[in-house]
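Secondary and tertiary structure notes
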Amino acid sequence: MTGADAEEPTQGSAPGVSRQAALPGMPTPLYPASPSRLLAWLDCPRRYRMQYLDRPRPQARPQRAHTSVGITTHNVLRDFWDLPPGRRTPDGVAELVRSSWIDVGFRDPEQSAAWRLRVRDAVVDYLRGADRERQPVGIERSVALRTESIAVTGRVDRLDDRDGELVVVDYKTGRQVPTEEDARTSLPLALYAAGAARTFRRECVRVELHHVPSGTQVAHVHTAESISSKIDEAESIATDLRRVDAEFADLGVESPSFPPRPSPLCTWCDFRAHCAEGQRMGPEKSDWAGLEDRSDVGAEPGWARGE
Ligand code: SF4
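Quick caveat: nothing in here was measured; it's all calculated off a predicted structure. (Residues numbered from 1 in each chain as written. Predicted model: local features only at pLDDT ≥ 70, side-chain atom pairs only at ≥ 80, totals over all residues. Heavy atoms only, no water.)

A closer look at the pattern of salt bridges
- Taken as a whole and assessed by the stated rule, the structure comprises 20 salt bridges.
- Taking the shortest distance from any N to any O, the salt bridge between Asp79 and Arg78 comes out at 2.8 Å.
- Exposure remark for Arg78: the relative accessible area of 29% places this residue in the partly exposed category.
- Because the salt bridges share partners, they merge into one network encompassing Arg158, Asp160, Arg162, Arg206 and Glu208. (Salt bridge = Lys/Arg side-chain N within 4 Å of Asp/Glu carboxyl O. Buried < 20%, exposed > 50% of the residue type's maximum accessible area, 1.4 Å probe, protein only.)

Observations concerning the site of the ligand
- The ligand sits among Cys44, Arg46, Arg47, Met50, Pro260, Arg261, Pro262, Cys266, Cys269, Cys275 and Gly278.
- Tallying contributions element by element places helix α2 (residues 45-53) first for the shell around the ligand, with three residues.
- Classifying every residue of the shell around the ligand by side-chain character gives seven nonpolar, one polar and three charged. (Near = heavy atom within 4 Å. Helix = DSSP H or I, 4+ residues; strand = E, 2+ residues; numbered from the N terminus. Nonpolar A, V, L, I, M, F, W, Y, C, P; charged D, E, K, R; others polar.)

Brief notes about the packing of helix α1 (residues 35-43) against helix α7 (residues 187-200)
- Across the interface, α1 lies against α7 with an axial gap of 10 Å and an inter-helix angle of 155 degrees. Between α1 and α7, the angle falls in the class roughly antiparallel. As for how α1 packs across α7, the hand of that crossing is right-handed. Here Pro35, Leu38 and Leu39 of α1 come into contact with α7, specifically with Leu187, Pro188, Leu191 and Tyr192.
- By residue class, the composition of the contact of α1 with α7 is seven nonpolar, no polar and no charged. (Axes fitted to C-alpha atoms, helices over the stretch in contact; angles between N-to-C directions. Parallel < 35°, antiparallel > 145°, perpendicular 65-115°, else oblique. Left-handed = near helix turned anticlockwise from the far one by under 90°. Contact = heavy atoms within 4.5 Å.)

Considerations on the pairing of strand β2 (residues 138-146)
- With eight bridges connecting them, β2 and strand β3 (residues 150-162) associate as antiparallel partners. Among the inter-strand pairings, Gly138 is bridged to a residue of β3, identified as Leu159.
- In this antiparallel pair of consecutive strands, β2 and β3, the connection spans three residues. (Pairing = 2+ DSSP bridges.)

Some words on the nonpolar core
- Formed by 38 residues in total, the largest nonpolar core has its most connected members in Leu38, Tyr48, Val168, Leu191 and Leu241.
- Those elements giving two or more residues to this core turn out to be α1, α2, β2, β3, β4 (165-172), α7, β5 (206-211) and α8 (224-251).
- The residues touching Tyr48, leaving out its near neighbours within four places in the chain, are Tyr31, Arg37, Ala40, Trp41, Leu53, Leu241, Asp245 and Phe258.
- Counting residues in each nonpolar core, the second largest holds 25 residues, with Leu77, Phe80, Ala130 and Val167 among its members. (Core = buried A, V, L, I, M, F, W, Y, C linked by side-chain atoms within 4.5 Å.)

What to know about the packing of aromatic side chains
- Following the criterion strictly, the structure yields eight aromatic pairs and no others.
- Geometrically, the ring pair formed by Tyr48 and Phe258 is stacked, given 6.4 Å between the ring centres and 10 degrees between the ring planes. Of this pair, Tyr48 sits in helix α2 while Phe258 sits in the loop between α8 and α9 (276-279), placing them 210 residues apart in sequence.
- For Phe258, a relative accessible area of 1% corresponds to the buried category.
- Clustering of aromatic rings is evident, with ring pairs tying together Trp41, Tyr48, Tyr52, Phe248 and Phe258.
- Of note, Arg88 hangs over the ring of Phe80, and the distance from its end group to the ring centre comes to 5.8 Å.
- Between the NZ or CZ atom of Arg118 and the centre of the ring of Trp115, over which it lies, the distance is 4.0 Å. (Phe/Tyr/Trp six-rings, centres within 6.5 Å; stacked < 30°, edge-to-face > 60°. Lys NZ or Arg CZ within 6 Å of the ring centre and 35° of its normal.)

What to know about the packing of α1 against α2
- Relative orientation of the contacting elements α1 and α2 amounts to 145 degrees, with a least axis distance of 6 Å. When the axes of α1 and α2 are compared, the crossing they make is left-handed. Taken together, the residues of α2 that come into contact with α1 (itself represented by Ser36, Arg37, Ala40, Trp41 and Asp43) are Pro45, Arg47, Tyr48, Gln51, Tyr52 and Leu53.
- A per-class count over the contact of α1 with α2 returns six nonpolar, two polar and three charged.

Thoughts on α2
- Counting buried residues along α2, nine of its nine residues qualify, which places the element largely inside the surrounding structure.
- Within α2, the full set of buried residues consists of Pro45, Arg46, Arg47, Tyr48, Arg49, Met50, Gln51, Tyr52 and Leu53.
- Along its buried surface, α2 packs onto β1 (31-32), α1, α8 and α9.

Considering the confidence of the model for the protein chain
- Averaged over all residues, the pLDDT of the protein chain equals 90, while 88% of them reach at least 70.
- A low-confidence stretch, residues 294-307 (pLDDT under 50), is modelled with 50 contacts involving residues beyond four sequence positions or located in other chains. (pLDDT = per-residue confidence, 0-100.)

With respect to the pairing of β4
- Among the eight residues that make up β4, seven are buried, leaving the element largely enclosed by the rest of the structure.
- As paired elements, β3 and β4 share five bridges and run antiparallel to each other. Counted as the bridge partner of Arg158 is Val169 from β4.
- Across six bridges, the pairing between β4 and β5 is parallel.

In structure tokens:
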């Protein structure tokens, strides 16, 4: 997953809020365009509705094991930088993995124990290649960006200062190894770079995806034009969301703007139990299937932090 969004703003996430924009004389509120909200809409309008609009919110399925692995890895890579320099050792990492392990979704205790060791080794190998003396500028740092129509919030896994250059680092832990194309086209990464530039009042154009299991690191250096084009893209998606949110406020689940979009991703969807069309896409993946072959998933789902 990309860096996680910061706390989801509540504005605009519940029925009725969008109606406020129509009151005469009142300025139109900025749309709370978190990257995960925007991507949820692009993935599947029905899932977007269930995740952000339906109240009460339909119950999501329990967390899967690969999400536990992703969250643990992110937490260890966060807490590592709080260790005193003398504790930034393989033993220090092993202790962090042990103490923060999330034992949820695994097939059995043996699988959980094996993956705990695997995560420990992967993080140690990853950090072996890192400059452990250079403290990042930010860890899970919230950044924000406001335009004339949207308010973007996000949380960057790591912000580096490399010889005066601000760099966005996003950890990946899924099976899919990211490519430079992924770094170039990622909407969240571009928005994080723009948000970091605004927050720190410094240029930030370099974004990186660090795939912890393989040690692969890919980067893209944006231009002012490419960042601007990504912001335009976010504003365009948010324009659609503002419209469908308002429609939902009027029509509720009768709104035709939230059709299901069945795809192979449905077998992983957290809201599949509430979606007959998605259930027809095949049997649901087991809790630990994400630790195995995910070749049927064409793109990183980005449904949970750490994937
Ligand atoms: S199961 Fe598929 S179609 Fe249904 S909400 Fe989930 S992603 Fe959308």
